Amino acid sequence: MSPKSILLLVTFLLCTLAASSQYTEKINSNRPGTSQGAFSVGNNVLQLEGGLGFGKEKHKILDTKTNVFNFDYSVRYGLLIEQLEIRLNGRYRADGVTQTVGANEQKINRSNFEINTIGAKYLIYDPYKPKLKKKDTVPANYDSLKSWKERYRFKWKSLIPAVSGYAGVNFVAKDNPFTFPEDPSISPIFVVATQNNWSTSYGGDWAFVTNLIIDKITTENPAFGLILTATHTVNNKWAGFAEYQVQKSDFYSDNIMRLGGAYLYNQDVQFDANIAFNFKDTPSIFTLSFGASYRFDWHTKDEIIEQPGLEGGVKEGEEDEEGKEGKEGDSDDNREDDSEEDSEIEGVENDSLKLEKTPFINDFEDDSFREELERDLDERRTEERLERERIENEKIQKKEDKKFKKEEARRLKREAKAAREAEKEAIKAEKEKQKMIEDIDAELDKMEQDQGVDDELDDIEKQLQELEKMEKELEQEEKKDQKKDDKEEKAKEKEKKEEEVDVDAEYEKYQQEKEKARKEEEKRRKKEEKRREKEEKKRQKEEKKRKKNEEDNSDSDNG
């Protein structure tokens, strides 16, 4: 039997089974993992999923290093009915392999499609489908509304997963470096997917997906796989996931772990990211991937798909003879009563309690029971309202905290700008002082040429006195500033008693002390330079006198 015939046969068999509505108001994506969930996207919904991956592989035995680029894509469409989905998916890979042979390195570039698959998925069993038989006169969730224990106890039925089947065909190009050399160009793939959804009032929503994969079963190199994926919704926008994949074949076997998360931008757009790594070195794998999912939602209404045999109601041929005789003996009035009762039963909802009297309460004609039921419903609504108010208050508090952080960041930015301007002013003042010193040195050189050394020393002494006077004036100004700072500090200390310690004020004080120390060091350095200059002039004067005396002595000896 050809692969195409197998695909058509499996699709026909799946279509003979029953399921329920698949459509959801928010996008239902298989990303960021590689497993596929049990549910389809919904009738007349087109969904695009894709991602880019960058990674490295190292093979210890072959001594190779590989830089990998991946592009994953998937196109999903809900066809004809809610539970049927057709899917096209694949992966394009481009890598560069560097192999060391002795002292030489050889690089090989490769690129091709690792996989290209088209197939169909059908939901076989859905345990989450609401069920209400005609004999049920009370909503299915009545016990959970009446009893706290029933509401929060563990339900073993939640361990029963939704089950779907997938059948597809692989297309492989010739001379593909990423597949087994003897693989045919067309081969089948079958997947059984299960999914459990758990919703808790204290831990958010959880989903657990299992995929059992049989790939290329008709070829000489069949492959078997298992994927386990756990997803947890942190809030309405963020979700995290962990995935463990096992793949086994003669061509390649590996165990791969993936961790990541997804962000729901809106009900039709999702962004995701994940990392993947394995637990061996032949080769070792590490990949970082980013992706997105987008949905074209042309879904109009949910389809109600009944179980086989109930499409047109209960057939008369299926009733027993006793039931026929009973109906023949009934009067028209009894038939009318039965029809009214059936209409009332059909009007009962499975997920809420109506305020009008139900047939169950009419049987007892007990208003106190009804009042108790309504009180329980009011209490539940009050709890929901309080929970909504708590969530709203948390949102308001988060907004206030965010606003405070923004204002604090702006204040720090303004202070940093003021500090930079002050630093520029200090640098400018330093340059002016340096220019003044250079001008003084130029004047000293000029005085040395025009006047004697004694006059020059007197001028230097005057300059030193002027500098000392300037130092005293600066010290007085600093004392005034210090007094002013002390007053401001006292005022700040009063504020600090009511508020926490202002780190920025401490930092500013530290900067002022540092600037003060720098100025004092600059004054001391200038004073020391002037003194050294004075001593140097005295030494030169003495040297000139000594030389002059030696010349006079030598002239007298010659005479």
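Here, the structure is the one placed above.
Rules used in this analysis
Residues numbered from 1 in each chain as written. Predicted model: local features only at pLDDT ≥ 70, side-chain atom pairs only at ≥ 80, totals over all residues. Heavy atoms only, no water. Helix = DSSP H or I, 4+ residues; strand = E, 2+ residues; numbered from the N terminus. Contact = heavy atoms within 4.5 Å. Areas by Shrake-Rupley, 256 points an atom, 1.4 Å probe, with all protein chains shown as cover. Pairing = 2+ DSSP bridges. Phe/Tyr/Trp six-rings, centres within 6.5 Å; stacked < 30°, edge-to-face > 60°. Buried < 20%, exposed > 50% of the residue type's maximum accessible area, 1.4 Å probe, protein only. Core = buried A, V, L, I, M, F, W, Y, C linked by side-chain atoms within 4.5 Å. Polar contact = N/O pair within 3.5 Å; in protein donor to acceptor, adjacent residues only side chain to side chain. Patch = residues over 30% accessible without salt bridge, like charges linked within 9 Å, V, L, I, M, F, W, Y side chains within 5 Å. Salt bridge = Lys/Arg side-chain N within 4 Å of Asp/Glu carboxyl O.

A. Expanded view of the overall build of the protein. A tally of helices and strands in the protein yields nine helices and 12 strands. Taking the intrachain contacts of the protein between residues at least 6 apart in sequence as the baseline, contacts between residues at least 24 apart amount to 60%. Put simply, the protein shows about 38500 Å² of open surface, and 53% of that area lies on carbon and sulfur atoms.

B. Region of interest: the pairing of strand E3 (residues 84-101). By the bridge criterion, 15 bridges tie strand E2 (residues 64-78) to E3 in an arrangement that is antiparallel. Along E3, the bridge assignment pairs Phe71 with Tyr92. Pairing analysis gives 18 bridges linking E3 to strand E4 (residues 104-125), with the strands arranged antiparallel. Across the sheet, the residue bridging to Val97 is Ile108, located in E4. Linking two consecutive strands that pair antiparallel, namely E3 and E4, is a turn of two residues; a positive phi of about 70 degrees is found at Gly102 within it.

C. How the structure looks around the packing of aromatic side chains. Considering all chains together, one arrives at nine aromatic pairs under this definition. Aromatic side chains Tyr265 and Phe271 sit 6.0 Å apart centroid to centroid with 80 degrees between the ring planes, which places their arrangement in the edge-to-face category. According to the relative accessible area criterion, Tyr265 is exposed, its value standing at 51%. On the accessibility criterion, Phe271 (39% relative accessible area) is partly exposed. Arranged with centres 4.8 Å apart and planes meeting at 75 degrees, the rings of Tyr294 and Phe296 form a pair that is edge-to-face. Judged by its relative accessible area of 30%, Phe296 is partly exposed.

D. Structural view of the nonpolar core. With five residues, the main nonpolar core is built from Tyr166, Ile189, Val191, Ile213 and Ile227. Every residue in contact with Ile227, bar those within four places of it in the chain, is listed here: Thr34, Ser35, Val209, Thr210, Asn211, Ile213, Glu243, Tyr244 and Gln245.

E. Here's a closer look at the side chain of Gln195. Its place among the elements puts Gln195 in strand E6 (residues 186-200). For Gln195, the side chain forms a polar contact with the side chain of Asn197, separated by 3.1 Å.

F. Here's a closer look at unusual backbone geometry. Following Arg31, the chain continues into Pro32 via a peptide bond in cis, with omega recorded as 10 degrees. Here the residue pair Thr282 and Pro283 is connected by a cis peptide bond, since its omega of 0 degrees sits within 30 degrees of zero. Within the fold, Pro283 resides in the loop between strand E11 (269-278) and strand E12 (284-297). Backbone geometry at Leu80 places phi at a positive 70 degrees, although glycine is not the residue there. The topology assignment puts Leu80 in the loop between E2 and E3. Judged by relative accessible area, Leu80 falls into the exposed class, the value being 65%. With phi around 55 degrees, Asp175 is a residue other than glycine that occupies positive phi space. When its relative accessible area of 78% is taken as the criterion, Asp175 is described as exposed.

G. Geometry of a nonpolar patch on the surface. Judged by side-chain polarity, Leu48, Val75, Leu88, Ile118, Phe171, Ile186, Tyr294, Phe296 and Trp298 come together as a nonpolar surface patch covering roughly 730 Å² of accessible area. By the secondary structure assignment, Leu88 is in strand E3.

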